[in-house]
Amino acid sequence: MTVDILISGGGVAGLTAAAAFGSAGFSVVIIDPAPPVTEAQAPGSDLRTTAFLQPARAFLDRAGIWEKLKAQAAPLQVMRIVDAAATPPVVRDFDAADISDLPFGWNLPNWLLRREMVARLAELPNVDFRPGLGFAGMLTRSTEAIVSLTDGSRVRAKLVIGADGRASSVRAAVGITAKTTRYGQKALTFAVTHDAPHDNISTEVHQSGGPFTLVPLPDHDGRPCSAVVWMADGAEIARLAALPEPAFNAAATARSAATNGALTLVSRRSVWPIISQIARRLTAQRTALVAEAAHVMPPIGAQGLNMSLSDLACLLELAETHRADLGGPAMLDAYQAARHSDIKLRVTGIDALNRASIAGNSLLRDLRPWGIRALHDTIPLRRQVMKMGLGAS
């Protein structure tokens, strides 16, 4: 079988890529060894959420996905930062109204994203989604890549997109290494209901060990609801994950500084390792890396998947410009030049923010509330930081 593009990876980034390139008229095969879990209560369901920032919404719209999502998305109008370690606590709100008529973004559960993205792929006759099949290897030539799948079949493609995660088989197959930074942290993700309405405010509470972030979700059984990412050292996260629910609810409420009142767990708890990682290159012959195959960072500032969609938007624009030689050297060199330096800058910035959040040193703890005040209270700086968070250079 011969197609324009083979995508390895059926996570949120890979499914979005298939929808976007398929909507643009390219023939696509997308593979993933694990069929997507599209129900919240199913075994293996990804209970994390994704906040799509403004530029990401435009890309999802182009891919034919946003119409399926918008009614279920919780808007993020205000980003609130709380330094609960300061005396008194420092609280600053960054309101999207300062720079835009739209919210910063919209939050959605990952399992629901997968459900609606799979539904979109089913509408595209030029997209062949093959869940249950994985990437086994490939041979690249000047005009095509020949990809071997785990069932023994082969697919010929002009371009192979590696969207297969931080341990990318595509990246390994083309000999691209990655620089990895480990923090000794893990993240605990779950959903809670709470007494006070969230008012479309995403709240990041800092103490030591990492942030505790509440991100708005639609109401659950008539009560205000938020997704939570709780970052701390690995041993502490393991302890928290094993607590009985009443003790866990009390611990989560205390760690949130009771921002939204008492918290009540309404989902299972999932644990994820926290690392930073950057691929040494984004391209090889007939191959482009995107999303976590190219970059991984701590979940701060909703940058992770939004950077992934920036990869895809750039790659799609270049693919349309280079249709005559899709996946050729000119296209891939332009992708490397356009994305790699921006990725390094943003991963470095998130790394610095995470280290500041972890800080146990008393001097660094003292400096953190000063930095929060400076970023917020200097109006031109505040607006510039918010624009940068949305993807402006």
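For the structure, check the block above.
As a starting point, this report considers the structure included with it. Counting from 1, residues in each chain are numbered in the order their sequence is written. Given that this is a predicted model, residues contribute local features only at a pLDDT of at least 70 and side-chain atom pairs are listed and counted only at 80 or more, while totals for whole chains, interfaces and linings are drawn from all residues. Side-chain numbers here rest on the full set of heavy atoms in the structure, without hydrogens or water.

## What to know about the overall build of the protein
At step 1: A tally of helices and strands in the protein yields 11 helices and 20 strands.
At step 2: The buried share of the protein, taken over its 393 residues, is 52%.
At step 3: For this analysis, residues touch if any pair of their heavy atoms sits within 4.5 Å. Taking the intrachain contacts of the protein between residues at least 6 apart in sequence as the baseline, contacts between residues at least 24 apart amount to 73%.
At step 4: Where accessible areas are quoted, they stem from the Shrake-Rupley method and a 1.4 Å probe; at the residue level, only the protein chains shown are allowed to cover. Split by element, the accessible area of the protein, about 16,100 Å² in all, is 55% carbon and sulfur. A helix here means a DSSP run of H or I that spans at least four residues, while a strand means a run of E at least two residues long, and both kinds are numbered starting from the N terminus. Only protein chains enter the accessibility calculation, which uses a 1.4 Å probe; a residue whose area is less than 20% of its type maximum is buried, one above 50% is exposed, and one in between is partly exposed.

## Some words on the packing of helix H2 (residues 54-62) against helix H8 (residues 304-321)
Each packed pair of helices is defined by two parameters, the angle between the axes and the distance between the axes.
At step 1: Fitted lines through C-alpha atoms serve as axes, helices being fitted only where they are in contact, and the angles separating the N-to-C directions of these axes extend from 0 to 180 degrees. Where H2 contacts H8, the axes come no closer than 10 Å and their chain directions differ by 50 degrees. Here H8 runs oblique to H2, going by the angle between their axes. For the crossing formed where H2 meets H8, the hand is left-handed. Contacts between H2 and H8 involve Ala56, Phe59, Leu60 and Arg62 from the former and Asn306, Leu309, Leu312, Ala313, Leu316 and Glu320 from the latter.
At step 2: Residues are grouped as follows: Ala, Val, Leu, Ile, Met, Phe, Trp, Tyr, Cys and Pro are nonpolar; Asp, Glu, Lys and Arg are charged; every other residue, Gly included, is polar. For the contact of H2 with H8, a count of residues per class yields 7 nonpolar, 1 polar and 2 charged. Here is the rule for angles: anything less than 35 degrees is roughly parallel, anything more than 145 is roughly antiparallel, 65 through 115 is roughly perpendicular, and the remaining ranges are oblique. Crossing handedness: left-handed means the near helix sits turned counterclockwise from the far one by under a right angle, and right-handed means the same turn made clockwise.

## Notes on the pairing of strand S11 (residues 154-162)
At step 1: By definition, two strands form a pair when at least two bridges between them are found by DSSP. Relative to S11, strand S1 (residues 2-8) runs parallel, the two sharing 6 bridges. Across the sheet, the residue bridging to Thr2 is Arg156, located in S11.
At step 2: As paired elements, strand S10 (residues 145-149) and S11 share 4 bridges and run antiparallel to each other. Following the sheet pairing, Val147 is matched in S11 by Val155.
At step 3: In this structure, the hairpin formed by S10 and S11 is closed by a connection of 4 residues, where Gly152 is found at a positive phi of approximately 90 degrees.
At step 4: Bridging between S11 and strand S19 (residues 287-289) involves 3 bridges; their strand directions are parallel. Among the inter-strand pairings, Ile161 is bridged to a residue of S19, identified as Ala288.

## So, the layout of surface pockets
At step 1: Its volume calculated, the second largest pocket comes out at about 450 Å³.
At step 2: Ranked by the residues each element gives to the lining of the second largest pocket, the list is headed by strand S14 (residues 212-220), at 4 residues.
At step 3: Residues belonging to the lining of the second largest pocket are distributed by class as follows: 12 nonpolar, 5 polar and 2 charged. Cavities and pockets were defined on a 1 Å grid built from protein atoms only: a cavity is a group of points that admits a 1.4 Å probe but offers it no way out, a pocket is an open group of points flanked by protein on both sides within 12 Å along at least five of seven lines, and a lining residue is one with an atom within 4 Å of any such point. Grid points are joined across faces, edges and corners, and a volume is the space filled by probe spheres set on the points.

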